[in-house]
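Read off the chains here:
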Amino acid sequence: MRLNADMKSSDDDAMMSIGEIARRFGLPTHVLRHWESMGLLTPARVRADRRRYDRDHLYRVAVILRAKEAGFSLADIREMIATGDPEARRDILRRRHADLTRRVAQARSSLHMIECALSCDHEDFTGCAHFQRTLAEKIGV
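Residues numbered from 1 in each chain as written. Predicted model: local features only at pLDDT ≥ 70, side-chain atom pairs only at ≥ 80, totals over all residues. Heavy atoms only, no water.

- The protein appears in an unreviewed UniProt entry as MerR family transcriptional regulator from Streptosporangium oxazolinicum.

Here's what the structure looks like:
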């Protein structure tokens, strides 16, 4: 009977390298290293000080990415992760909620302007009175 020294244990099977987790999320590895330097990720270290990530890290990366999409700064994300105070987390969420609500309203207004221009029957929509009314609020008229 031979012992295969290259075999991984079941614990290792659940662990991923920095390259594997980066590919899974479509990120360059330096992003994960940066997040680690900011205290957002704490991968395990194994042979030769190599980073290893488990299933919990997958969720953490997903939270970071979703929070960034919502406009959270990395400092806000770190604060939210680091605090053990649920009310402090809610305060951070409230700040981001107000900002995201404003950004969504701006995006809707921009989408309305584009839809108006695309549906305009005029040869040049910039001369259309209806299109110009969609811009009136922006220029304060």
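Following the structure, the description resumes.
### Re helix α2 (residues 18–25)
Part 1 of the reasoning: Along α2, the positions that sit buried rather than exposed are Ile18, Gly19, Ile21 and Ala22. Take α2 and look down its axis: the buried residues cluster within an arc of 165°, on one side only. Opposite the packed face of α2, turned more than 90 degrees from it, sit the exposed residues Arg23 and Arg24.
Part 2 of the reasoning: Check the buried side of α2 and you find it contacts α3 (29–37), β2 (50–52) and α4 (55–69).
Part 3 of the reasoning: Looking at the residues trailing α2, positive phi occurs at Gly26, about 65°. (Buried < 20%, exposed > 50% of the residue type's maximum accessible area, 1.4 Å probe, protein only. Helix = DSSP H or I, 4+ residues; strand = E, 2+ residues; numbered from the N terminus. Arc of directions from axis to C-beta. Contact = heavy atoms within 4.5 Å.)

### Here's the deal with the UniProt feature "domain: HTH merR-type" (unreviewed entry) in the protein
Part 1 of the reasoning: The UniProt record annotates "domain: HTH merR-type" (unreviewed entry) at residues 15–83.
Part 2 of the reasoning: The straight-line gap between the two end C-alpha atoms of residues 15–83 is 26 Å; of that span, 59% is helix and 9% is strand. (UniProt positions renumbered as here; feature names shortened; annotations may be inferred.)

### Some words on the pattern of salt bridges
Part 1 of the reasoning: Under the defined criterion, the tally for this structure stands at 11 salt bridges.
Part 2 of the reasoning: Arg95 is the salt-bridge partner of Glu79, the closest N and O atoms lying 3.9 Å from each other. With Glu79 in helix α5 (residues 74–82) and Arg95 in helix α6 (residues 86–119), this residue pair connects regions lying 16 residues apart in the sequence.
Part 3 of the reasoning: Assessed through its relative accessible area of 40%, Glu79 is described here as partly exposed.
Part 4 of the reasoning: A residue is classified by how much of its surface remains accessible, and Arg95, at 40% relative accessible area, is partly exposed.
Part 5 of the reasoning: Arg96 is paired through a salt bridge with Asp99; the nearest N and O atoms lie 3.4 Å apart. Within this pair, Arg96 and its partner Asp99 are both found in helix α6, separated by 3 residues, close to a single helical turn.
Part 6 of the reasoning: Using a relative accessible area of 17% as the deciding quantity, one classes Arg96 as buried.
Part 7 of the reasoning: Connected through salt bridges with shared partners, the residues Asp76, Glu79, Arg95, Arg96, Asp99, Arg102 and Arg103 form a single ionic network. (Salt bridge = Lys/Arg side-chain N within 4 Å of Asp/Glu carboxyl O.)

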